[in-house]
Amino acid sequence: MTCDEARILLHALLDNELDAGHAREVEAHIASCPDCAAEFAAQREMQRVLADTNLRYTAPASLRMRIEASLPGPQRQQPTRRSVLRGFAMGSAVSALAASGVVAVVLRQDDQQRILSEVVSAHLRSLQAGHLTDVVSTDQHTVKPWFNGKLDVAPPVIDLTAQGFTLVGGRLDYIDARAIGAVVYKRRQHVVNLFVSQTSSTEYRAPKTETMQGFNCRRWGNRGLNFWAVSDIGADELAEFVDKFEAAMKANVEG
């Protein structure tokens, strides 16, 4: 493992996000490389300092007094029993709405961000030597059958070489604690990982691009599958990849 490869994974090792195999590789490199060992020690010390630092801010009592003084007269009156009960009832109604709607939306968004983080971490792991592909081939008729029997649903594998994205192979990866397919393409010297997982929803979700840890990720849903395309190419090129992939997949279905 090179220093560049190890430094990409130092944060993941520090946060216990690596599997046992990758953790051993990084730890072995740190043990033999003083520069990476020093970097890891510095990151660990920063983590300790942040954990021990009280970042909570308590507003001074004078601020409360100024706010109360600025309120209209009726607002400063002592609350009656009826107003307290009315406020309690309104708060309960708002809480019920939050529990059934708003909170669910927040949880879904948090879940999506967690999965996006796992996808980007899987992309980073694939860039290490020997981790990019389990099956190496530019022939879609070789790559697609390789997934058969390994997953409930094999990911669509489409040759986009003529469109500027060369198919180089595929592999199994693990996102959200389950095995999924990853189809690997290259744009010049840049890797594009296309992660595909099965979903119970057949609803179409339009592509959306997000950036995390310097990588662009374009995610969408179609035909009972979730897709994440991840690469360090520009967002416009990644959108082009997704558009061409979707167009080719649609043509295959209609044909």
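Shown above is the structure to which this text applies.
Fair warning: this is a prediction, and the values are worked out from it, not measured in the lab. (Residues numbered from 1 in each chain as written. Predicted model: local features only at pLDDT ≥ 70, side-chain atom pairs only at ≥ 80, totals over all residues. Heavy atoms only, no water.)

Draft legend 1. Region of the structure containing the pattern of salt bridges. The final tally for this structure, using the stated rule, is nine salt bridges. Arg171 is the partner of Asp173 in a salt bridge, and the nearest nitrogen-oxygen pair spans 3.0 Å. In this pair, the class of Asp173 matches that of Arg171, namely buried. In this structure, the salt-bridge partner of Glu237 is Arg188, at a minimum N-O distance of 3.1 Å. In this pair, Glu237 sits in helix H7 (residues 235-254) while Arg188 sits in the loop between strand S3 (178-187) and strand S4 (190-198), placing the two residues 49 residues apart along the sequence. What makes Arg188 exposed here is its relative accessible area of 51%. Through salt bridges with shared partners, one network takes in Arg187, Arg188, Glu237, Glu240 and Lys244. (Salt bridge = Lys/Arg side-chain N within 4 Å of Asp/Glu carboxyl O. Buried < 20%, exposed > 50% of the residue type's maximum accessible area, 1.4 Å probe, protein only. Helix = DSSP H or I, 4+ residues; strand = E, 2+ residues; numbered from the N terminus.)

Draft legend 2. Highlighting the packing of helix H1 (residues 3-14) against helix H2 (residues 20-32). Two elements in contact, H1 and H2, have axes separated by 10 Å at closest approach and are oriented at 115°. Pair H1 / H2 crosses with left-handed handedness. Here H1 contributes Cys3, Ala6, Leu9, Leu10 and Leu13 to the contact with H2, which in turn contributes Ala23, Val26, Glu27, His29 and Ile30. Here the contact of H1 with H2 is built from residues that sort into eight nonpolar, one polar and one charged. (Axes fitted to C-alpha atoms, helices over the stretch in contact; angles between N-to-C directions. Left-handed = near helix turned anticlockwise from the far one by under 90°. Contact = heavy atoms within 4.5 Å. Nonpolar A, V, L, I, M, F, W, Y, C, P; charged D, E, K, R; others polar.)

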